[in-house]
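Inside the fold
Residues per chain, in single letters:
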Amino acid sequence: MPVRPQHMHDGGIVERRLRPIYDWLDNGNNKKALQEAEKVLKKSPSLQAARALKALALFRLGKGPEAHAVLDALAEEKPSDDTTLQAMTISYRESQQLQKVCALYEAAVKVEPTSEELHSHLFMSYVRVGDHRSQQRAAMVLYKFAPKNPYYFWAVMSIILQAKTSDDIPKRNILLSLAQRMVDNFITDKKMEAEQEARLYIMILELQEKWEDILKFIQSPLYGQLVPGSTAQACIPYLTKLGHWRKLNLLCKELLWDNQDRWDYYLPYFDSVFHLMKEPVSETESTADDTAEKCHEFICQLVESISSGRRLRGPYLARLELWKRLSVDGDPTALLGSGMALCVQYLRVFANKPCAVPDLRPYLAMIPQQEREEHSRDFLTCLGFDENSEPTTTEDIQRHVSCIGAWRLSAARLDASQCVQLADTLRRHYLRSVERGLLTATSTELCATDLYGILAAHHYFYAAMQQQSSSPVMEAICLLELVLHNSPANFHAKLLLIKLYHFLGNAWCADRVYARLEAKHVQLVSLGWLHAARLPAAAAAARALQLLADTAAFHAHHAKDSVEHLTYAYKYGTFEKLVELRAWSDRLERCAWCAFVARERALLSLLAGPPAPLHAPSRLPAAPTDNRDLNVILSWEPPQCQDEELKSRTFEQEMDYLRLKDALVSAIALCIESADSRPTKDKRPQYEELDTCIEAFSTAIEKCKEKYSAPEKISISGPFPSRIIAFVNSEVPYRELYAWTLRMTRALAAADTAAAHHAADRAAALLRAAPAALRAAGPAGGGGDHAARARDRLEHLSNYLEFIGIITFLLGVCNELTTPLNTKKSKKKTNQSPDEVKTTQLLNALNETVQDSITILEDIFENWPQYEFQTTLQEEFSIVNLEKYQSPIEKLKQGRLDIIADVMNILSKKTKYLKSLIQ
């Protein structure tokens, strides 16, 4: 009996049969899903949906070729039912073959040309591949037989995107004019229905800089109907663009009377005031504020208009903003009085709010340093507190920490003993608050009391940097661990702990805190500088590979995820989001940290990772973006101590280091390419490129050595000094070591034995001289406070560990090149020429020298000193409940053992492999 084909009217039966497959796929049990699909196909071999789901299960089981064979056969049948097409779309999406989805739906709409759903899916398939021209065509076809506004505006948005991505100015202008005419026709025919359609029209006019036309549209009855109640504020940016300052001034004043706390109205109001002040005085009477006096009077009226009992920050901050703007070109004190007095007054009113000190930060920097320092204690005493006050309520604690915070941001920098004294005082405040039950933190919320601990930790760190001592850092760590124990949601404490554990050179402890931070998605990029970038430098290669893999996975998949966000933006008509998503995707594609991750992973895997093929890296972005968030750790140093150029300077350092890593990975990849079995003449382009790469690497190191000879200051809120500084200034001659090792591999690949012998001899001689520099980095080198120098020493050793991984790998490549094929299995000696004998001897000598270096490294790590600390905080812990609290000193000791165990395991494997290469 022939199998009856399944049609759409059998939907209920088909759904019942397919449901178990869907369930297994959703649960991640792809093996069961495949078995269930096979079971269904035994009964209904021609059921397209079951075959599509089978292909999806096969793909997720890693059987790509089998899955694509099923999908190709299905595509030939030109399916048009939604179940089959959706399952095939998922498979193509997961295998990054989005163009095939377009072909799939192109065929489907030919089978069912009047299906609105299929045409809609075809449009979305073009969105995923960024084919804006095809999007426009598909949307217009869809609109013709289903005349709905969203489809029409899909076409309009597709035209806008064509214009935005075009470098041809005339073409761009033509496309924007076309988009405007299309919407003008809709307006004329009174077909516009939604707010997003109005916003899209404004976007078109903005791209053409037709500010007058935008104002006319916003002030029209149509805009009022589509976006009720927003006409006035919508005019603000365009009045600014046109320079209609008087109108803007009057409009903002009117809006501020009803919304005294709207900061987005104050800023354009101030812009208008300061522009009107520069214009000639108008002869006609005007209610616009065109002088500083009128502006101040208006702000005072706003303050007075606030009803009793309400505390709105806007008018108070407005006075500070006016003072700040007037101080740029003159002296605002005649009109407003002292800026310091205004800040103190603001704090007196709003100290009970956690945002009080963040509000004041930008204004404190504008006050002259001498005045700020002379009156800094006014912040501390304005509410009757001083540093020794003991608030008895949670509200008073918030006021107290606000006063202390503002005082520290404005006062002169303290010396080391003063920092420790203040930190001890703040620590006692924290412990007293805990003892008296004034801690209100929950598992998800922070509390004011925590700030005592945070401020104390900062001042311990400042003392440590001045004293070059690890003891204050240990005091800070113990206190922060207690803060985190009582307030598990306090991310400020977590971030500081990560930083401080890395300061002591203990990546294991830092990683435990980082895990509690639960950084996800884009935070892997924005916070990569804080932890992931430090792991390789702290000899934690295995953990570094895991984190770098997570970052690389996010970078690889963000494009796929953002594509789906684009489709949702079309579905819901949020056209402005399309532009934002495109900018976001472009920024991530050009991310410098993600480019670095790819190269760091490639090199680290040669040291600690599972064997993986090393390929030439993709080209570096032409204009890499700096996506680091360096504001996550707040600084409590006064403005004069803050480094405004920190972000740009450290980014330049990281870019130079990235280029070095890129050249190194490229050179190793070219060594691998050059070592294949092709004739030498066919590999000439690789040899030339490899020579260029080695020279570029060597030259770059020399230039960077001149550029980065000075040490970099450590900031608590910024990244540690770039690894390029330790790398190029090392006593180990990395430039020569890498260059000669790479030249040796290149010469052997090209059968240039004389050059290979010379390179191997030079590399071995350089390696024999390296132990002295290595021992200087060991625990005995330099003496003094070991914990304070551990980070620098580990970074020095980590650079050498990286070299060990690379030279070991390249020796393996050389072994492949020099060992005759017939002896690799038989182990029998064949007759070798004198050149071949010499090559073997030199490679063996270099191999043994590398093993000697490994022995020295093992000795250094075996004798790595213990952490020995005596903290005064431990003595005070008796007054608080310390259930489930683990001493940081014990954590540090365990972390030291784990790091040493990881390194010893890596070195042991390298030694075993190197011994296997001896001929």
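As the structure is a computational prediction, the values presented were derived from the model and not from experiment.

1. Re the overall build of the chain
Secondary structure assignment for the chain yields 44 helices and 0 strands. Reported as C-alpha extents along the three principal axes, the dimensions of the chain are approximately 110 × 90 × 55 Å. Within the span of the chain, comprising 919 residues, buried residues form 54% of the whole. In the chain, the share of contacts with a sequence separation of at least 24, taken over all contacts with a separation of at least 6, comes to 71%. A total of about 41,600 Å² of accessible surface is found on the chain, and carbon and sulfur atoms cover 51% of it. The average position of the 109 basic charges and that of the 115 acidic charges among the side chains of the chain differ by 6 Å.

2. Focus: the packing of helix H8 (residues 132-145) against helix H9 (residues 149-164)
In the contact formed by H8 and H9, the axes pass within 8 Å of each other and the chain directions differ by 165 degrees. Between H8 and H9, the angle is such that the two are roughly antiparallel. H8 and H9 meet at a crossing whose hand is left-handed. Along the contact surface, H8 presents His132, Arg133, Gln135, Gln136, Ala139, Met140, Leu142 and Tyr143, while H9 presents Tyr151, Tyr152, Trp154, Ala155, Ser158, Ile159, Leu161 and Gln162.

3. Points about the pattern of salt bridges
In this structure the tally under the stated criterion is 48 salt bridges. A salt bridge links Asp290 to Lys294; the shortest N-O distance between them is 3.2 Å. The exposure class of Lys294 is partly exposed, given its relative accessible area of 31%. Arg791 is the partner of Glu795 in a salt bridge, and the nearest nitrogen-oxygen pair spans 3.8 Å. Of this pair, Glu795 and Arg791 both sit in helix H40 (residues 786-818), separated by 4 residues, roughly a single helical turn.

4. A short note on the packing of aromatic side chains
Taken as a whole and judged by the stated rule, the model has 30 aromatic pairs. Each ring, one from Tyr201 and one from Phe217, has its centre 4.9 Å from the other, and the planes form 80 degrees; the classification is edge-to-face. With Tyr201 in helix H11 (residues 195-207) and Phe217 in helix H12 (residues 211-218), the pair connects residues that are 16 residues apart, well separated along the chain. Among the aromatic side chains, those forming a connected cluster through ring pairs are Trp593, Phe596, Tyr657, Phe697, Phe727, Tyr734, Tyr738, Tyr800 and Phe803. Positioned above the aromatic ring of Trp636, the side-chain terminus of Arg361 is 4.7 Å from the ring centre. The ring of Trp740 is capped by Arg743, whose NZ or CZ atom sits 4.9 Å from the centre of that ring.

5. A look at the nonpolar core
With 307 residues, the main nonpolar core has Val156, Phe379, Leu504, Tyr570, Tyr800 and Phe861 as its most contacted residues. Ignoring anything within four residues of it in the chain, the contact list for Phe861 reads Ala539, Leu794, Leu797, Leu801, Ile900, Val903 and Met904.

6. Digging into H8
Helix length check: H8 (14 residues) gives 21 Å between terminal C-alpha atoms against 20 Å at 1.5 Å per residue, within 8%. Burial in H8 covers these residues: His132, Ser134, Gln135, Gln136, Ala138, Ala139, Leu142 and Tyr143. Where the residues of H8 are buried, they touch helix H7 (116-129), H9, helix H10 (169-188), helix H31 (541-572) and helix H32 (575-589).

7. Some details on the confidence of the model for the chain
Across the chain, the average pLDDT comes to 89, with 94% of residues at 70 or higher. Note on residues 1-9: pLDDT under 50 across the span, and 12 contacts to partners over four residues away in sequence or across chains.

8. Observations regarding the state of the cysteines
A full pass over the atoms with the stated rule returns 0 disulfides. With no disulfide of its own, Cys295 has Cys300 as its nearest cysteine by sulfur position, at a separation of 9.6 Å. With no disulfide of its own, Cys478 has Cys509 as its nearest cysteine by sulfur position, at a separation of 11 Å.

9. A look at the environment of Lys893
Following the sequence through the fold, Lys893 ends up in helix H44 (residues 888-917). The class of Lys893 is partly exposed, set by a relative accessible area of 27%. Here the alpha-carbon distance between Lys893 and Asn30, two residues 863 residues apart in the chain, equals 44 Å. Excluding its chain neighbours within four sequence positions, the residues that come into contact with Lys893 are Gln866 and Tyr867.

10. Describing unusual backbone geometry
Even without being glycine, Gln468 reaches a positive phi, approximately 55 degrees. Accessibility expressed as a relative area gives 56% for Gln468, which makes it exposed. At Ala751, a position not held by glycine, the phi torsion is positive, near 60 degrees.

11. Comments concerning the packing of helix H42 (residues 834-862) against H44
Between H42 and H44, the least distance of the axes is 10 Å, while the angle of their chain directions is 165 degrees. The angle between H42 and H44 falls in the class roughly antiparallel. In this structure, the crossing between H42 and H44 has a hand that is left-handed. Contact residues: H42 offers Asn844, Asn847, Val850, Gln851, Ile854, Leu857, Glu858, Phe861 and Glu862, while H44 offers Ile900, Val903, Met904, Leu907, Ser908, Lys910, Thr911, Leu914, Lys915 and Leu917. A class-by-class count of the residues in the contact of H42 with H44 yields 10 nonpolar, 5 polar and 4 charged.

12. Considering H9
Counted at 1.5 Å a residue, the expected span for H9 with its 16 residues is 22 Å, and the 23 Å between its end C-alpha atoms agrees. Within H9, 14 of the 16 residues are buried, which leaves the element mostly enclosed by the surrounding structure.

13. Focus on the side chain of Ser698
Counting through the fold element by element, Ser698 comes out in helix H35 (residues 684-707). Those residues within four positions of Ser698 in sequence are excluded, and the remaining contacts are Arg735 and Ala739.

14. Quick notes on the environment of Phe274
Along the chain, Phe274 turns up in helix H16 (residues 263-278). The class for Phe274 is buried, based on a relative accessible area of 17%. A sequence separation of 52 residues divides Phe274 from Leu326, and the C-alpha atoms of the two residues are 9.0 Å apart. If we ignore the near neighbours within four places in the chain, the residues touching Phe274 are Leu322, Arg325 and Leu326.

15. Points about the side chain of His786
Within the secondary structure, His786 is located in helix H40. Beyond its immediate sequence surroundings of up to four residues, His786 is in contact with Arg793, Trp864 and Pro865.

16. Examining the environment of Ser125
Mapped onto the elements, Ser125 comes out in helix H7. Given a relative accessible area of 1%, Ser125 falls into the buried group. Along the sequence, Ser125 and Tyr514 sit 389 residues apart, while their C-alpha atoms lie 39 Å from each other. Residues contacting Ser125, with those up to four places away along its chain left out, are Val101 and Cys102. A distance of 2.5 Å separates the side chain of Ser125 from the backbone oxygen of Leu122, its partner in a polar contact.

The rules behind these values
- Residues numbered from 1 in each chain as written.
- Predicted model: local features only at pLDDT ≥ 70, side-chain atom pairs only at ≥ 80, totals over all residues.
- Heavy atoms only, no water.
- Helix = DSSP H or I, 4+ residues; strand = E, 2+ residues; numbered from the N terminus.
- Buried < 20%, exposed > 50% of the residue type's maximum accessible area, 1.4 Å probe, protein only.
- Contact = heavy atoms within 4.5 Å.
- Areas by Shrake-Rupley, 256 points an atom, 1.4 Å probe, with all protein chains shown as cover.
- Lys, Arg positive; Asp, Glu negative; His and termini not counted.
- Charge placed at Lys NZ, Arg CZ, Asp CG, Glu CD.
- Axes fitted to C-alpha atoms, helices over the stretch in contact; angles between N-to-C directions.
- Parallel < 35°, antiparallel > 145°, perpendicular 65-115°, else oblique.
- Left-handed = near helix turned anticlockwise from the far one by under 90°.
- Salt bridge = Lys/Arg side-chain N within 4 Å of Asp/Glu carboxyl O.
- Phe/Tyr/Trp six-rings, centres within 6.5 Å; stacked < 30°, edge-to-face > 60°.
- Lys NZ or Arg CZ within 6 Å of the ring centre and 35° of its normal.
- Core = buried A, V, L, I, M, F, W, Y, C linked by side-chain atoms within 4.5 Å.
- Expected span 1.5 Å × (residues − 1).
- pLDDT = per-residue confidence, 0-100.
- Disulfide = S-S within 2.5 Å.
- Nonpolar A, V, L, I, M, F, W, Y, C, P; charged D, E, K, R; others polar.
- Polar contact = N/O pair within 3.5 Å; in protein donor to acceptor, adjacent residues only side chain to side chain.

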